[in-house]
Amino acid sequence: MCPVQYQIYNTESGELLGAINDTEMISLTSLLEEESAEDRDYYITPDTVDYLAANGADATLVALLRKAVGDADGVEIRWSRAG
């Protein structure tokens, strides 16, 4: 198992949502569009989570994002390197 390398936060509240490893981060960044190489945030909707799951994203990442969205229409998340 890969060690935790990244932390995922709710951009609006600053709440730490969870931590992911390199493999999960690759799933997130390769399947979602980034505005630039420095982009570290995403707007996640239930449809986004379904898309990630259908396209092979790691189950741990999908579960973290499902929990983050909850019953909202969507949530803005950001990531940072752990440590």
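Owing to the predicted nature of the structure, the values given are computational and were not obtained by experimental measurement. (Residues numbered from 1 in each chain as written. Predicted model: local features only at pLDDT ≥ 70, side-chain atom pairs only at ≥ 80, totals over all residues. Heavy atoms only, no water.)

What follows concerns the confidence of the model for the protein chain. Overall, the prediction assigns the protein chain a mean pLDDT of 90, with 93% of residues at 70 or greater. At the low end of the mean pLDDT range in the protein chain sits helix α1 (residues 22–31), at 89; at the high end sits helix α2 (residues 46–54), at 96. (pLDDT = per-residue confidence, 0-100. Helix = DSSP H or I, 4+ residues; strand = E, 2+ residues; numbered from the N terminus.)

Any pair of aromatic rings gets described here by the distance separating the centres and the angle formed by the planes. Using the criterion set out here, one finds 1 aromatic pair in the structure. Look at Y6 and W79: their rings are 5.5 Å apart centre to centre, the planes differ by 85°, and that puts the pair in the edge-to-face class. Of the two residues, Y6 sits in strand β1 (residues 4–10) while W79 sits in strand β4 (residues 75–81), which places them 73 residues apart along the sequence. Across this residue pair, the class does not change: Y6 and W79 are buried. Above the plane of the ring of Y9 lies R78, whose end atom (NZ or CZ) is 4.4 Å from the centre. (Phe/Tyr/Trp six-rings, centres within 6.5 Å; stacked < 30°, edge-to-face > 60°. Buried < 20%, exposed > 50% of the residue type's maximum accessible area, 1.4 Å probe, protein only. Lys NZ or Arg CZ within 6 Å of the ring centre and 35° of its normal.)

Opposite charge on two side chains allows them to pair when their charged atoms are near. On inspection of all chains with the given rule, the structure shows 1 salt bridge. As a salt-bridge pair, R66 and D50 come within 3.0 Å of each other at their nearest N and O atoms. Taken together, the residues R66 in helix α3 (residues 59–69) and D50 in helix α2 connect sequence positions 16 residues apart. (Salt bridge = Lys/Arg side-chain N within 4 Å of Asp/Glu carboxyl O.)

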